[in-house]
Protein chains: 2
Amino acid sequence: MNELDYKGFESTEIGNPEIQRVAPKVHVSTGDNKVVSSIEDVVKKTVKDGMTISFHHHFRNGDFVFNKVMRVIIDAGIQDLTLAPSSLTGVMNDMVIEAIKKGTITNITSSGMRGSLGDFVSHGGLKNPVIFRSHGNRARAIEHGDIKIDVAFLGVPNADRLGNANGMNGNAVFGSLGYALMDAQYANSVVLLTDNIVPYPNTPASIKQTQVDYVVEVDKVGDPEKIGSGATRFTKDPKELKIAETVNKVITNSPYFKNGFSFQTGTGGAALAVTRYLRQEMIDNKIKASFALGGITKPTTDLLEEGLVEKVMDVQDFDKGAADFMHTNPKQQEIDASWYADPDNKGAMVDQLDVVILSALEIDTKFNVNVMSGSDGVIRGAIGGHQDASTANLTIISAPLIRGRIATVVPDVTTVVTPGDSVDVLVTEYGIAINPKRDDLKKALSNIPGVPIYDISELQQMAEKRVGKPTPLQFTDRTVAMIEYRDGSIIDTIKQVKD
Amino acid sequence: MNELDYKGFESTEIGNPEIQRVAPKVHVSTGDNKVVSSIEDVVKKTVKDGMTISFHHHFRNGDFVFNKVMRVIIDAGIQDLTLAPSSLTGVMNDMVIEAIKKGTITNITSSGMRGSLGDFVSHGGLKNPVIFRSHGNRARAIEHGDIKIDVAFLGVPNADRLGNANGMNGNAVFGSLGYALMDAQYANSVVLLTDNIVPYPNTPASIKQTQVDYVVEVDKVGDPEKIGSGATRFTKDPKELKIAETVNKVITNSPYFKNGFSFQTGTGGAALAVTRYLRQEMIDNKIKASFALGGITKPTTDLLEEGLVEKVMDVQDFDKGAADFMHTNPKQQEIDASWYADPDNKGAMVDQLDVVILSALEIDTKFNVNVMSGSDGVIRGAIGGHQDASTANLTIISAPLIRGRIATVVPDVTTVVTPGDSVDVLVTEYGIAINPKRDDLKKALSNIPGVPIYDISELQQMAEKRVGKPTPLQFTDRTVAMIEYRDGSIIDTIKQVKD
């Protein structure tokens, strides 16, 4: 698809369109012959030139499934595939690059990419522009038919011979199957790969036998050590702690901090610090949250156990602790990516969200946020749920003013991912900036001890004073990636970097 | 639809067709304004002349929702609706008849009907023929678009303001929402009615906010006393006990009674007696079942608790005991009607079923079963899951040889609902008959003490000897109902009775 075929981004408002959803083709069977002995066999049965194939990224850097399957697909000489995973993690990079070089993959849509693959694409390595979509937008695109998945290859830590599966039991557990549930529901052919075939019928069945065509037993689906995001440690970095403390103050002084509020904190050392501070404030003020949303960690399920959070709405777990908790606690609800964040819905969780804390590679004086390209113009990030969760009542961007010799607060972001219109407060280690459109917040946040309010231009100038003005980046005219806004319009493009 | 438009029934084999499923239209919103103050308001917003509307029957004879909604629809003067509930229970009869007489309802598809409504339709009261579909066939028809539901009115014992709901908590609980999950997923507009709006977000969410357009708070959705099927008492009728004992012997002497077998016993005093006998045999022979399926009762969940059954696959609960157990036990899996029995699937539960015990109003010498029309030709039954579960490896029809002065085993059933091809054994109080196509079963069942094997014609003659030959029924040429087989073909029609 060319960028000219796209509608340009206009507004963060979705409105009330009427949408005709799509549905998959079903190959009818009694389900008795789904178990296939090898990946080679199942690829032969399912994948043809020109198809769209998908994977999930719940195993993160512990993923063994992607490389096993792509090895077979490349070796089979299949050409011209569109790769449409929920996201791409670092362990997949070498294989994707090889597949591109051999013509196996000619199109990619993903939440993001990093490392060698980001570098390869930024230097023009892929024939067609990558389309980056947020998690909610991927759900929307699948439900509209913008992404039509022919074959989904989904790794699971357990499955029975008919394909009933969940992410909660087994060796390589990751908890919620949130992103993969879209593929299971909408792909024409669904292939499960597991190292753990359990007696029929397997429950709870997050993925159901009615959705699955083939089950392949493999040696190991993932490395449990690398599935966790490693974000369970509490940060000791003074700058991160300062930011987390300020984020906490912004939340607790905002009008949203009251009984029944909801929040998404995400992962990373700073986010965990926010969760810890917030926990104390909730206890001190006798405030309970109605729900915590998003990528879930053990500190969040601890809040559920403590009764400080009524419900955990779980599209993804970042550690085994959170994953383990889910299958016996009906208050931790597995949600799919559509329920989490599809904007073309009858209400997604993000539409009900009070407070979200999000990160930024760059944020500019219009509050536009870049989480996709580095200061060198190279792709090194992922939209994730950034655009989606920014619809919260209070969207806080937490970011250091500078990183090393690079400014985070800039006159113009290299790549607009999340429009400034949906961002409310920037928190840095020096103080905060409030989006002028949120004048209502100024009063509530104006008298917090130790938290000065700046105009965002002042913060930008403070950053520039410290690190200087960078030389403008040099790009060619060739588009290597397009950034969709969550409604499917195009909000920015990424051009090939000049060598 | 006319019977001439239909493909005639050919085979119980479904084969491996490729099916394009359909998907609903979605009216996009953030979900913030779903709560509507009255049924009048929501009917005004949703229902137009000529539409197809639906309800579920999980409240059975304790249902208050159907009559409340239909009262408003009739009074609004809406005309020419197709009524497409999962089934119709006796408490709905008067209202349906009034709606037909006033032109509000001109088409009906249902699993069944009884009492005054069956009588009314059998005497030509409805303009167009009713289409009777099994639970699995209704799921199939919805997923194909043969039934296109414009508005589903679904009563639930709890819901939050965005429509997250389940059948497990509240006053009028009924457990699994199995049949209603089809409507929630496929209807263009979904209206929940509840007497219990709970804090957001409600979990577990069997019905999800992403599926629901409106939530209406009503006084009471149902009468808990009348939701249970009343089948929790153990029968003391000697004839029923004799049949149950024989059914048990047939099962335990069959090749299917081994570790990991599966069964569906259903409801009613005799079924409960079978469950009790079977329990003892399982203990004595150290045999565990892999799953119990279907309409679930407390005696079945007791087996789960005892560890005699590994999993309960639950499309419907017949008592509060079974309903209560589900939401804290991941081994009791809520399944929708498609997963239960849609033949056009990637494997439904019934395809994996070893043993099923089903009832009959009549069974003929070709083993065809009638569960729909009485010996007077009047509609007084429901297909339910009869055609669907008959795909089991061992399908047992349990029925008395005669009922009062009426033969159950007859030369030809009045109405063919389940084809003889899918029936294996008939169990009566006098003995059993084995379908000749199941010669393999004869050896296993030939030496059971006290269980004589008859040719089914012998049983028919025994019955005829006792009650005589009835005068042939008199029908007009007009078709008042069509019986679909589960694949959507037409297996029989019901004609208007002659007065």
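Source: prediction; values computed, not measured.

**Re the packing of aromatic side chains**
Reasoning step 1: Taken as a whole, this structure holds 14 aromatic pairs over all chains when the rule is applied.
Reasoning step 2: Relative to Phe261(B), the ring of Phe257(B) lies with its centre 5.4 Å away and its plane at 75°, an arrangement referred to as edge-to-face. Summarising the burial analysis for this pair, Phe257(B) and Phe261(B) share the class buried.
Reasoning step 3: Members of the aromatic cluster, joined through ring pairs, are Phe55(A), Phe66(A) and Phe153(A).
Reasoning step 4: The ring centre of Tyr430(A) lies 4.5 Å from the NZ or CZ of Arg466(A), which sits over that ring.
Reasoning step 5: Directly above the aromatic system of Tyr200(B) lies the positively charged group of Arg161(B), at a separation of 5.0 Å from the ring centroid.

**Looking at the sheet that holds strand β23 (residues 409-410) of chain B**
In sheet architecture, strand pairing relies on hydrogen bonds along the backbone and comes in two forms, parallel and antiparallel.
All names here are of chain B.
Reasoning step 1: Strand order across the open sheet formed by three strands is β18-β17-β23, with mixed pairing between neighbours. What marks the edges here is a single partner per strand, and that holds for β18 (369-370) and β23.
Reasoning step 2: Looking at chain direction, strand β17 (residues 362-364) and β18 are connected through two bridges and run antiparallel. Residue pairing for β18: Glu362 is matched across the bridge by Asn370.

**With respect to the side chain of Asp319(B)**
Residues and elements named next belong to chain B.
Reasoning step 1: For Asp319, the position within the fold is in the loop between β14 (309-317) and α11 (320-326).
Reasoning step 2: Lacking a salt bridge, the buried Asp319 has Lys298 as its closest oppositely charged neighbour, with an N-O distance of 7.6 Å.
Reasoning step 3: Within the structure, the side chain of Asp319 is placed 2.9 Å from the backbone nitrogen of Lys298, a separation counted as a polar contact.

**Side note on the relation of the copies chain B and chain A**
Reasoning step 1: The operation relating chain B to chain A is a screw motion whose rotation component is 180°, with 0.0 Å of axial translation and a residual RMSD of 0.0 Å. Considering both components of the superposition, the chain copies are consistent with a two-fold axis. Rotation axis and chain B: the residue whose C-alpha lies nearest the axis is Ala23(B), separated from it by 2.7 Å.
Reasoning step 2: Take the interface residues of chain B: 100% of them recur as interface residues in chain A, which is what a same-surface contact looks like.

**A look at the domain arrangement of chain A**
Frequently, the measure chosen for interface size is the accessible area removed from exposure when the parts meet.
All names here are of chain A.
Reasoning step 1: Partitioning chain A into structural domains gives domain 1 (35-226) and domain 2 (238-468).
Reasoning step 2: Between the C-alpha centres of domain 1 and domain 2 the distance comes to 29 Å.
Reasoning step 3: Counting from both sides, the interface comprises 37 residues of domain 1 and, opposite them, 31 residues of domain 2.
Reasoning step 4: Taken together, the two surfaces of domain 1 and domain 2 that pack against each other cover about 2600 Å², and 57% of this comes from carbon and sulfur.
Reasoning step 5: Counting every contact that joins domain 1 to domain 2 gives zero salt bridges.
Reasoning step 6: For the pair domain 1 and domain 2, the interface holds 19 residue pairs in polar contact (both at pLDDT 80 or more).
Reasoning step 7: Elements with a minimum of two residues in the side of domain 1 that touches domain 2: β7 (112-113), α4 (115-122), α5 (135-144) and α6 (180-186).
Reasoning step 8: Here the element with the most residues in the side of domain 1 that touches domain 2 is α5; it accounts for seven residues.
Reasoning step 9: Here the residues of the side of domain 1 that touches domain 2 are counted per class, giving 12 nonpolar, 19 polar and six charged.

**Here we look at the packing of helix α2 (residues 65-75) of chain B against helix α3 (residues 93-101) of chain B**
All names here are of chain B.
Reasoning step 1: In contact at an axis separation of 10 Å, α2 and α3 are set at 15° when each is read in the N-to-C sense. With respect to each other, α2 and α3 are oriented roughly parallel. In the packing of α2 onto α3, the handedness of the crossing is left-handed. Residues Phe66, Asn67, Met70, Arg71 and Ile74 of α2 form the contact with α3, whose own contacting residues are Met95, Val96, Glu98 and Ala99.
Reasoning step 2: Looking at the contact of α2 with α3 residue by residue, the classes come out as six nonpolar, one polar and two charged.

**Concerning the pairing of strand β28 (residues 490-497) of chain B**
Regular strands have side chains that alternate between both faces of the sheet.
Reasoning step 1: Of all eight residues in β28(B), seven are buried, a share of seventy percent or more.
Reasoning step 2: In this structure, the hairpin formed by strand β27 (residues 475-484) of chain B and β28(B) is closed by a connection of five residues, where Gly488(B) is found at a positive phi of approximately 95°.

**A word on the side chain of Asp183(A)**
Reasoning step 1: For Asp183(A), the location among the structural elements is in helix α6.
Reasoning step 2: Contacts of Asp183(A), omitting those with residues within four sequence positions, involve Ser54(A), Phe55(A), Arg138(A), Ile149(A), Ala152(A), Leu154(A) and Val190(A).

**Things to note about the interface of chain B and chain A**
Reasoning step 1: Counting residues at the interface gives 58 residues for chain B, matched by 58 residues for chain A.
Reasoning step 2: Of the roughly 4600 Å² buried between chain B and chain A, counting both surfaces, carbon and sulfur atoms make up 51%.
Reasoning step 3: The largest share of the area that chain B buries against chain A comes from Val26(B), Val28(B) and Lys346(B), three residues that together contribute 19% of it.
Reasoning step 4: For the pair chain B and chain A, the interface holds two salt bridges.
Reasoning step 5: The salt bridge partner of Lys346(A) is Asp213(B), with a shortest N-O separation of 2.7 Å.
Reasoning step 6: There are 40 residue pairs in polar contact (both at pLDDT 80 or more) connecting chain B and chain A.
Reasoning step 7: Within the side of chain B that touches chain A, the residues separate by chemical class into 23 nonpolar, 22 polar and 13 charged.
Reasoning step 8: The pairing of strand β2 (residues 25-27) of chain A with strand β1 (residues 18-20) of chain B spans three bridges and is antiparallel. Within β1(B), the residue paired with His27(A) across the bridge is Glu18(B).

**A look at the environment of Phe234(A)**
Residue and element names in this part refer to chain A.
Reasoning step 1: As for its position among the elements, Phe234 is in the loop between α7 (224-227) and α8 (238-253).
Reasoning step 2: Residues Phe234 and Ala270, spaced 36 residues apart in sequence, show a C-alpha to C-alpha distance of 7.6 Å.
Reasoning step 3: Those residues within four positions of Phe234 in sequence are excluded, and the remaining contacts are Leu241, Leu272, Ala273 and Arg276.

**Brief notes about helix α2 (residues 65-75) of chain A**
Reasoning step 1: For α2(A), every residue scored as buried is listed here: Val65(A), Phe66(A), Val69(A), Met70(A), Val72(A), Ile73(A) and Ile74(A).
Reasoning step 2: Positioned one or two residues after α2(A), Gly77(A) has a phi angle of 75°, which is positive.

Thresholds applied
- Residues numbered from 1 in each chain as written.
- Chains lettered and ligands numbered in written order.
- Predicted model: local features only at pLDDT ≥ 70, side-chain atom pairs only at ≥ 80, totals over all residues.
- Heavy atoms only, no water.
- Phe/Tyr/Trp six-rings, centres within 6.5 Å; stacked < 30°, edge-to-face > 60°.
- Buried < 20%, exposed > 50% of the residue type's maximum accessible area, 1.4 Å probe, protein only.
- Lys NZ or Arg CZ within 6 Å of the ring centre and 35° of its normal.
- Pairing = 2+ DSSP bridges.
- Helix = DSSP H or I, 4+ residues; strand = E, 2+ residues; numbered from the N terminus.
- Lys, Arg positive; Asp, Glu negative; His and termini not counted.
- Salt bridge = Lys/Arg side-chain N within 4 Å of Asp/Glu carboxyl O.
- Polar contact = N/O pair within 3.5 Å; in protein donor to acceptor, adjacent residues only side chain to side chain.
- Least-squares fit on C-alpha atoms with pLDDT ≥ 70 in both.
- Contact = heavy atoms within 4.5 Å.
- Domains from an automatic or database assignment.
- Buried area = accessible area lost by both parts, 1.4 Å probe.
- Nonpolar A, V, L, I, M, F, W, Y, C, P; charged D, E, K, R; others polar.
- Axes fitted to C-alpha atoms, helices over the stretch in contact; angles between N-to-C directions.
- Parallel < 35°, antiparallel > 145°, perpendicular 65-115°, else oblique.
- Left-handed = near helix turned anticlockwise from the far one by under 90°.

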